[in-house]
Amino acid sequence: ENELFTSLTAARNYVESLKLRPLLMLEDEAMKDFEGIQTEDPNSVVVGLSPSNFHYKRLNEAFNLLKNRASLIAINKSRYIKTDDGLSIGTGAFVSTLEFASDKKAHVVGKPSKDFFHLALKELDPKLQPHEALMVGDDVRDDVLGAQQAGLIGA
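Overview of the structure. (Residues numbered from 1 in each chain as written. Predicted model: local features only at pLDDT ≥ 70, side-chain atom pairs only at ≥ 80, totals over all residues. Heavy atoms only, no water.)

## Section: the packing of aromatic side chains
Tallied over the full model, the rule gives three aromatic pairs. Taking 3.7 Å as the distance between ring centres and 10 degrees as the angle between the ring planes, the aromatic pair formed by Phe 54 and Phe 94 counts as stacked. Taken together, the positions of Phe 54 in the loop between strand S2 (44–47) and helix H3 (56–67) and Phe 94 in helix H4 (residues 91–102) put the pair 40 residues apart, joining distant regions of the chain. You'll find Phe 54 and Phe 94 in the same group, each marked buried. Consider the rings of Phe 116 and Phe 117, whose centres lie 5.3 Å apart with planes at 75 degrees: the pair is edge-to-face. Through successive ring pairs, a cluster of aromatic residues spans Phe 5, Phe 116 and Phe 117. (Phe/Tyr/Trp six-rings, centres within 6.5 Å; stacked < 30°, edge-to-face > 60°. Helix = DSSP H or I, 4+ residues; strand = E, 2+ residues; numbered from the N terminus. Buried < 20%, exposed > 50% of the residue type's maximum accessible area, 1.4 Å probe, protein only.)

Structure, rendered in structure tokens:
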């Protein structure tokens, strides 16, 4: 049984539930989580951490889809991430860029969204209540506080 529920899992479930055809702004490693999802003639934009996609041409492609009624889905809106080279800009800066330019609000499927934590619990065990679960994370704002705001124990 798979007991790992990620932001990518939440994004795929969301895309499938609405039968969306996304432009996927993801790195190759994350693309495997979307195998089998139709992406031709996109009607949505999914933005995850993807340094290779965060350039003018690709962002402009996403912007034009959004201006033509596509929906915007954010894997998360992290401010920054920790890398081997120190801190780097996170997904949130690029999601905010697209929100500002397109005048659309992104649907955030990952942390720190309360929905993310509640969906994860439901996936693990439909009877599991938030106060019965412990979320261990490495980011105080997105992991720990997000979990606590959703009613989980955050550490």
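## Considerations on the pattern of salt bridges
Opposite charge on two side chains permits them to pair, given that their charged atoms come into close proximity. Tallying each qualifying case throughout the model produces four salt bridges. Note that Arg 58 and Glu 61 form a salt bridge whose closest N and O atoms lie 3.1 Å from each other. Residue Arg 58 and its partner Glu 61 are both found in helix H3; the two are separated by three residues, about one turn of the helix. With a shortest N-O distance of 2.9 Å, Lys 77 and Glu 99 are connected by a salt bridge. Remark: Glu 99 occurs in helix H4 and Lys 77 occurs in the loop between strand S3 (71–74) and strand S4 (80–83); sequence separation between them is 22 residues. Classification of Lys 77 as partly exposed rests on a relative accessible area of 23%. Residue classification places Glu 99 among the buried residues on the basis of a relative accessible area of 12%. (Salt bridge = Lys/Arg side-chain N within 4 Å of Asp/Glu carboxyl O.)

## Some thoughts on the side chain of Ser 50
Its place among the elements puts Ser 50 in the loop between S2 and H3. Within the local environment of Ser 50, its side chain forms a polar contact with the side chain of Glu 27, the two groups lying 2.8 Å apart. Side chain to side chain, Ser 50 and Asn 53 meet in a polar contact 2.5 Å long. (Polar contact = N/O pair within 3.5 Å; in protein donor to acceptor, adjacent residues only side chain to side chain.)

## Points about the nonpolar core
The biggest cluster of nonpolar side chains holds 24 residues, and the ones touching the most others in it are Val 15, Leu 26, Phe 34, Val 46, Phe 117 and Leu 152. Broken down by secondary-structure element, the contributors of at least two residues to this core are helix H1 (7–17) and helix H5 (114–124). Here Phe 117 is in contact with Lys 111, Pro 112, Met 135, Asp 142, Asp 143, Gly 146, Ala 147, Ala 150 and Leu 152, once residues within four sequence places are set aside. Within the second largest apolar cluster, 16 residues are counted, among which are Met 25, Leu 59, Ala 74 and Phe 94. (Core = buried A, V, L, I, M, F, W, Y, C linked by side-chain atoms within 4.5 Å. Contact = heavy atoms within 4.5 Å.)

## A closer look at unusual backbone geometry
The phi angle of most residues is negative, glycine excepted, and most peptide bonds adopt the trans form. Unlike most non-glycine residues, Asp 41 shows phi in positive territory, near 50 degrees. Within the fold, Asp 41 resides in the loop between helix H2 (28–31) and S2. Under the relative-accessibility criterion, Asp 41 is labelled exposed at 57%. Even without being glycine, Asp 103 reaches a positive phi, approximately 60 degrees.

## Structural notes on the packing of H3 against H4
Contact pair H3 / H4: the axes reach a minimum separation of 10 Å and the direction vectors enclose 45 degrees. Here H4 runs oblique to H3, going by the angle between their axes. Judged by the twist between their axes, the crossing of H3 over H4 is right-handed. Here H3 contributes Leu 59, Ala 62, Phe 63, Leu 66 and Lys 67 to the contact with H4, which in turn contributes Phe 94, Leu 98, Ala 101 and Ser 102. Grouping the amino acids of the contact of H3 with H4 by side-chain chemistry returns seven nonpolar, one polar and one charged. (Axes fitted to C-alpha atoms, helices over the stretch in contact; angles between N-to-C directions. Parallel < 35°, antiparallel > 145°, perpendicular 65-115°, else oblique. Left-handed = near helix turned anticlockwise from the far one by under 90°. Nonpolar A, V, L, I, M, F, W, Y, C, P; charged D, E, K, R; others polar.)

Geometric descriptors of this kind do not, in isolation, establish any biological role.
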